[in-house]
Amino acid sequence: SGSSLQACWYTLNNGQTNVTIACGENVTGLTASQGSNTWKISSTDTSGNINSSSVTFFVDSVSPSISYGSGTDVNGANRSQNWIYVNVSVTETNEANITFSLWNSTSLVNSSLYTNRQRTINWTGLADGSYTYSVAVRDTLSHINSTGTYSITLSTSVPVLTLYSPQNITYGASSLPMNYGVSGSSLQ
């Protein structure tokens, strides 16, 4: 006479916890953890023979986390320079890529995509003007998150000051008006 199934069980944590189930019935309502999972089902028959089957799979249902980091100017900054430095902090185990994007007032100036966990960029040689930038990170399952869009105004032109009065002469009074003119700078 042949053997029949005696017991069935499964484990979701490499045998640390075994859960007995009715043989031949599917198990529903299980929750996988983030990252790598190995689920194993086992059975034994009345003759003491044991057999198992397992599957290993990966779960990533969380979007990446990204924020501006140290050295990045505050939103709305006015700077006397021709470069923009951006640093970000990312939390993502399964990062696919990160994209740094820079726009001027009319169009996209630069979009740089990296697959090597790049965290900084320094756009240099920029003309005076207003710029916006943002950074987006994507994981291997196409979950995407991005920073907010920051703006910055660059101006390397030096203001020209002209002092009209008082003049370089001797005055008989100590209370004098100062008249001057300013031109050549877009920073306020």
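So, a few notes on the structure that sits alongside this text.

What counts and what doesn't
- Residues numbered from 1 in each chain as written.
- Predicted model: local features only at pLDDT ≥ 70, side-chain atom pairs only at ≥ 80, totals over all residues.
- Heavy atoms only, no water.
- Helix = DSSP H or I, 4+ residues; strand = E, 2+ residues; numbered from the N terminus.
- Rg over C-alpha atoms; globule rule 2.2 N^0.38 Å.
- Contact = heavy atoms within 4.5 Å.
- Pairing = 2+ DSSP bridges.
- Axes fitted to C-alpha atoms, helices over the stretch in contact; angles between N-to-C directions.
- Salt bridge = Lys/Arg side-chain N within 4 Å of Asp/Glu carboxyl O.
- Phe/Tyr/Trp six-rings, centres within 6.5 Å; stacked < 30°, edge-to-face > 60°.
- Buried < 20%, exposed > 50% of the residue type's maximum accessible area, 1.4 Å probe, protein only.

## Re the overall build of the protein chain
- On a plain count of helices and strands, the protein chain comes out with 0 helices and 15 strands.
- Taken over the C-alpha trace, the protein chain has a radius of gyration of 33 Å; the compact-globule value for 188 residues is 16 Å, which it surpasses by more than 25%.
- Along the longest, intermediate and shortest principal axes, the C-alpha atoms of the protein chain span 130 × 35 × 20 Å.
- In the protein chain, the proportion of contacts linking residues at least 24 apart, taken out of those at least 6 apart, comes to 55%.

## Re the sheet that holds strand β1 (residues 5–11)
- Strand order in the open sheet formed by 4 strands is β2-β1-β3-β4, and the pairing between neighbours is antiparallel. Edge positions in the sheet fall to β2 (19–21) and β4 (50–59), since each has one partner strand and no second. Put simply, the sheet's adjacent strands are angled 20 degrees from each other on average, direction ignored.
- Sheet topology places β1 next to strand β3 (residues 35–45); 6 bridges connect them, and they run antiparallel. Bridging across to β3, Leu5 finds its partner in Asp45.

## Some points on the pattern of salt bridges
- For the coordinates displayed, the defined rule picks out 3 salt bridges.
- Here Arg79 and Asp73 are joined by a salt bridge, their closest N and O atoms 2.9 Å apart.
- Arg119 is the salt-bridge partner of Glu95, the closest N and O atoms lying 2.6 Å from each other. Of this pair, Glu95 sits in strand β8 (residues 95–103) while Arg119 sits in the loop between β9 (108–114) and β10 (120–123); the two residues are 24 residues apart in sequence, bridging distant segments of the chain.
- Connected through salt bridges with shared partners, the residues Glu95, Arg117 and Arg119 form a single ionic network.

## Considerations on the packing of aromatic side chains
- In this structure the tally under the stated criterion is 6 aromatic pairs.
- Seen in terms of ring centroids, Tyr68 and Tyr133 are 5.9 Å apart; in terms of plane orientation they differ by 85 degrees. Their pairing is edge-to-face. With Tyr68 in strand β5 (residues 65–68) and Tyr133 in strand β11 (residues 129–139), this residue pair connects regions lying 65 residues apart in the sequence.
- Here Trp123 and Tyr133 contribute two aromatic rings whose centre-to-centre distance is 6.4 Å and whose plane-to-plane angle is 50 degrees, an arrangement assigned as tilted. Here Tyr133 lies in strand β11 and Trp123 lies in strand β10, a separation of 10 residues in the sequence. Summarising the burial analysis for this pair, Trp123 and Tyr133 share the class buried.

That's the geometry; what it means functionally is another story.
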